[in-house]
Amino acid sequence: GCGICIHKCPFNAITIVNLPEELDKDCVHRYGVNAFVLYRLPVVRNGSVTGILGPNGTGKTTAVKILSGELLPNLCGFNDSWDNVIRAFRGNELQNYFEKLKNREIRTVVKPQYVDLIPKVVKGKVRDLLKKADQRGVLEELVDELELRNILDREIQQLSGGELQRVAIAAAMAREADFYFFDEPSSYLDIRQRLKVARAIRKLAEEGKAVLVVEHDLAVLDYLSDNIHVVYGKPGAYGIFSALKGTRVGINVFLNGYLPDENVRFRPYEIRFTKFSERKAQIGDVLVEYPRLVKDYGGFKLEAEGGTLHVGEVIGIVGPNGIGKTTFVKMLAGVEEPTEGKVEWSLEVSYKPQYIKAEYEGTVFELLSKIDASKLMSNLYKTELLNPLGIPDLYDRNVNELSGGELQRVAITACLIKDADLYLIDEPSAYLDVEQRLAVSKAIRSLMAKNDKTALVVEHDVLMIDYISDRLIVFEGEPGKQGKALRPMPMREGMNRFLANVGITFRRDPETGRPRANKEGSVKDREQKERGEYYYVE
Ligand code: ADP
Ligand code: ADP
Ligand code: MG
């Protein structure tokens, strides 16, 4: 049964326990009978960055289409004019905004979510694309801020995911507008690049622009936003924008699953980050010792120190883009031959590559059944993996028709249901929302612990690294030229080493235990740097 919820019963992991009263009067748009419904809208404030935090499929893009004038909201009945919208928002912060929108006094720029699709519609050199976009005359500045100098003469078609992301962000920022919307600006970027992008976005607001950002990396969202809207609901069915919150309170409300001022519980449980001192202290038996490995591509050389892996542990792999993380994982997976050293073991390895392709002809169920049908029936796998990732809902879908986030969840599942000793998972969080990132992290941790297996996970999201890792392998060097992989280290040592390279310090939020980036040059930042404690692990 579904208790006191008033609309359709939610079947997902995200259960609305109760909804706000008199919600119907706040209905903004309904796509059709039994189709998705959007309640309430985010505010748009000049000179301010507003973060949006919530699951995929809850109406964030729909809201932006309305605020950019692309979609006239039907107010959940019949509506054919912006005058009615202005009337409906009388007394609301948005009334004035809609008046300007009606008079075409508002220009909007959108940085889209799926940057991988850009090369399909835009051809030519990066320089030409950016020059054409540069209505504000800020190109030189952006090229420096986002480190685009080396790729200006490249063809769009040749760019990596992270390069495409930064070009798309620069192109959006260069245009002249009143309202800028960035949909997931951090996908494919390393943490240093994420912070650079965050600073560039903040600068837009400091110049008086209104900025809205959807972001699923909570450390970045925290660093970037002045205020936050939490969006909740049932993905695909309905979404509700909360009132505007301060950034810290908004993120904590999201993790708590409870909006106190509206008295709405939108998730039946709280999300908490475990202090390391509360984690299991002892380390499992040795799984394997791997030797020093070198890979020389000519232009790029990686040297990886040898190390020991233990049964039951999860090791996070961290470092900048272009430093050899994927190359290292490929050598352990047996996909890439080392130039020096040999991976000689009898271990079964299961590998999820960084860039996944939907080339399989058939349904999700067929694909997963071919790997191991028994796991799809197993209660352990249902509870720990399949249900939390929403996989049964995808069984009948064709693999080549999945969205980026759906494909990612299927690829992670395909990797984890295979019987193996060692699981190698390269960047699992790309295109996943916060709820899904935590579900994936939990699934990996508990399957390794319960089955006495070992996982290596390459990841840039600091909260996910914190949540998932028992130890860390840190990569250092000069991106694109030479990289060094250090032996696996304990969390504190590894995090300090990694964050010192990035030049950023973190503290823990006392309420939720989540890591928060300190503002550069703040008292905490300076104190922690002096002590060499970049990461507060207690
Ligand atoms: P988000 O940006 O939060 O991921 P969207 O606003 O893109 O969410 O979509 C919310 C829901 O609305 C989705 O379930 C989507 O399928 C549905 N939707 C989007 N556009 C349309 C449309 N034109 N007609 C019907 N449903 C739509
Ligand atoms: P990361 O995963 O840390 O981003 P990668 O291991 O993917 O880094 O790449 C490290 C460097 O090696 C990059 O400069 C990349 O261009 C280069 N590289 C990767 N694969 C090849 C290859 N097959 N041939 C030549 N260079 C490569
Ligand atoms: Mg990589």
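Residues numbered from 1 in each chain as written. Chains lettered and ligands numbered in written order. Predicted model: local features only at pLDDT ≥ 70, side-chain atom pairs only at ≥ 80, totals over all residues. Heavy atoms only, no water.

**What about the overall build of the protein chain?**
Heads up, the rule is: Only runs of H or I of at least four residues qualify as helices and only runs of E of at least two qualify as strands under DSSP, and these elements are numbered from the N terminus. In this treatment the radius of gyration is a C-alpha quantity, and the globule benchmark scales as 2.2 Å times the residue count to the 0.38 power. Here, residues are in contact when the closest pair of their heavy atoms is within 4.5 Å.
Check the secondary structure of the protein chain and you find 18 helices and 24 strands. Taken over the C-alpha trace, the protein chain has a radius of gyration of 24 Å; the compact-globule value for 538 residues is 24 Å, and the two agree within 12%. Considering only C-alpha atoms, the protein chain reaches an extent of 70 × 60 × 50 Å along its principal axes. A separation of at least 24 residues holds for 69% of the contacts in the protein chain among residues at least 6 apart in sequence.

**Let's talk about the packing of aromatic side chains**
Convention followed: Geometry of aromatic contacts follows a simple scheme: Phe, Tyr and Trp rings, the Trp one being its six-membered ring, pair when their centres are within 6.5 Å, and the pair is stacked under 30 degrees between planes, edge-to-face over 60, tilted otherwise. Each residue is assigned to one of three classes by its accessible area relative to the maximum for its type, calculated with a 1.4 Å probe on protein chains only: buried under 20%, partly exposed between the two thresholds, exposed over 50%.
Counted by the stated rule, this structure contains 12 aromatic pairs. The interplanar angle of 85° and the centroid separation of 5.8 Å between the aromatic rings of Tyr188 and Tyr431 together place this pair among those described as edge-to-face. Residue Tyr188 is found in the loop between β5 (179–183) and α8 (191–206), and its partner Tyr431 is found in the loop between β18 (422–426) and α15 (434–451); the two are separated by 243 residues along the sequence. Neither residue differs from the other here; Tyr188 and Tyr431 are each classed as buried.

**Regarding the site of ligand 2**
Heads up, the rule is: Throughout this document, a residue counts as near a molecule or strand when at least one of its heavy atoms sits within 4 Å of that molecule or strand. Contacts described as polar in this section are N or O atom pairs within 3.5 Å, which, within protein, must combine one atom able to donate a hydrogen with one able to accept it, while residues neighboring in sequence count only if both atoms come from side chains. Areas reported here follow the Shrake-Rupley algorithm with a probe of radius 1.4 Å; residue values treat only the protein chains shown as occluding.
Around ligand 2 sit Tyr297, Phe300, Pro320, Asn321, Gly322, Ile323, Gly324, Lys325, Thr326, Thr327 and Gly480, and that is every residue in its neighbourhood. Residue Gly322 places a main-chain N or O atom 2.7 Å away from an oxygen atom belonging to ligand 2. Thr327 is positioned with one of its side-chain polar atoms (N or O) 2.6 Å from an oxygen atom of ligand 2. Here ligand 2 loses 62% of its free accessible area of 560 Å² to cover by the protein chains.

**Overview of the environment of Leu255**
Assignment of secondary structure puts Leu255 in helix α10 (residues 247–256). Residue class for Leu255 comes out buried when judged on its relative accessible area of 0%. It is 33 Å that separates the C-alpha atoms of Leu255 and Asp421, two residues lying 166 residues apart in sequence. Once residues within four sequence positions are removed from consideration, Leu255 is found in contact with Leu218, Arg267, Tyr269, Glu270, Ile271, Arg272, Phe273, Thr512 and Arg514.

**Focus: the site of ligand 1**
The full set of residues close to ligand 1 is Tyr31, Phe36, Asn56, Gly57, Thr58, Gly59, Lys60, Thr61, Thr62 and Gly236. In the model, a nitrogen atom of ligand 1 is placed 3.3 Å from a nitrogen or oxygen of the Tyr31 side chain. The separation between an oxygen atom of ligand 1 and a polar side-chain atom of Thr61 is 2.7 Å. Across the complex, the protein chains shield 59% of the 570 Å² of accessible surface that ligand 1 would expose by itself.

**Examining the packing of helix α7 (residues 161–174) against α8**
As a reminder of what qualifies: Only the stretch in contact is used when a helix axis is fitted, and all axes are lines through C-alpha atoms; the angle between N-to-C directions ranges over 0 to 180 degrees. Put simply, angles under 35 degrees are roughly parallel, angles over 145 are roughly antiparallel, angles from 65 to 115 are roughly perpendicular, and the rest are oblique. Gly is put with the polar residues, along with every residue not named as nonpolar or charged; the nonpolar set is Ala, Val, Leu, Ile, Met, Phe, Trp, Tyr, Cys and Pro, and the charged set is Asp, Glu, Lys and Arg.
Relative to each other, α7 and α8 sit at 5°, their axes nearing to 11 Å. Taken as axis vectors, α7 and α8 run roughly parallel relative to one another. Counted together, Arg166, Ile169 and Met173 of α7 and Gln193, Val197, Ala200, Ile201 and Leu204 of α8 form the full contact between these two elements. Here the contact of α7 with α8 is composed, by residue class, of six nonpolar, one polar and one charged.

**Describing helix α17 (residues 491–502)**
Put simply, the rule reads: For a helix, the expected span equals 1.5 Å multiplied by the number of residues minus one.
An ideal rise of 1.5 Å per residue puts 16 Å on 12 residues; α17 measures up with 16 Å between its terminal C-alpha atoms. Considering only its buried residues, α17 is in contact with α8, β16 (314–318), α16 (462–468), β20 (471–478), β22 (489–490) and β23 (506–508). Remark: Gly503 follows α17 within two positions and exhibits a positive phi of approximately 80°.

**Concerning the pairing of strand β13 (residues 293–296)**
The test is simple: Whether two strands pair depends on DSSP finding at least two bridges between them.
Strand direction decides the pairing type here: β13 and strand β14 (residues 301–304), joined by four bridges, are antiparallel. If you follow Lys295 over to β14, its bridge partner there is Leu302. The hairpin turn running from β13 into β14, its antiparallel successor, is four residues long, and Gly298 in that turn takes a positive phi close to 95°.

**A look at the coordination of the magnesium ion (ligand 3)**
For clarity, the threshold we go by: Metal coordination here is assigned from N, O and S atoms located within 2.8 Å of the ion, or within 3.2 Å for Na, K and Ca; omission of water means that sites may look incomplete.
The protein atoms donating to the magnesium ion (ligand 3) are Thr326 (OG1) and Gln354 (OE1), with metal-donor distances spanning 2.0 to 2.3 Å. In this pair, Thr326 is assigned in helix α11 (residues 325–333) and Gln354 in the loop between β17 (349–352) and α12 (364–377), connecting sequence segments 28 residues apart. Exposure class is identical for Thr326 and Gln354. Each is buried.

**Notes on the confidence of the model for the protein chain**
Stated precisely, the cut-off is as follows: A residue's pLDDT is the confidence the predictor assigns to it, expressed on a 0 to 100 scale.
Overall, the predicted model of the protein chain reaches an average pLDDT of 91, with 95% of residues at or above 70. Contacts of residues 1–14 to residues separated by more than four positions or lying in other chains number 27 contacts, the stretch itself having pLDDT below 50. Across the whole predicted complex the pTM is 0.90, and at the interface the ipTM reaches 0.91.

**Quick look at the state of the cysteines**
The following threshold applies: Cysteine sulfur atoms are paired as a disulfide whenever they fall within 2.5 Å.
If you walk through the whole model with that rule in mind, you get one disulfide. A sulfur-sulfur separation of 1.7 Å characterises the disulfide bridge that pairs Cys27 with Cys76. Since a negative S-S torsion denotes a left-handed disulfide, the Cys27-Cys76 link at about -55° is left-handed. With Cys27 in strand β1 (residues 27–30) and Cys76 in the loop between α1 (60–67) and α2 (82–88), the pair connects residues that are 49 residues apart, well separated along the chain. Classification of Cys27 as buried rests on a relative accessible area of 10%.

**Here we look at the pattern of salt bridges**
Stated precisely, the cut-off is as follows: We count a salt bridge whenever a side-chain nitrogen from Lys or Arg sits within 4 Å of a carboxyl oxygen from Asp or Glu.
Scanning the entire structure with this criterion turns up 44 salt bridges. Where Arg516 meets Asp222, a salt bridge forms, and the shortest distance between an N and an O atom there is 2.9 Å. Here Arg516, found in strand β24 (residues 515–517), pairs with Asp222, found in helix α9 (residues 218–224); they are 294 residues apart in sequence, far enough to count as distant. For Arg497, the salt bridge identified is with Glu476, shortest N-O distance 2.7 Å.

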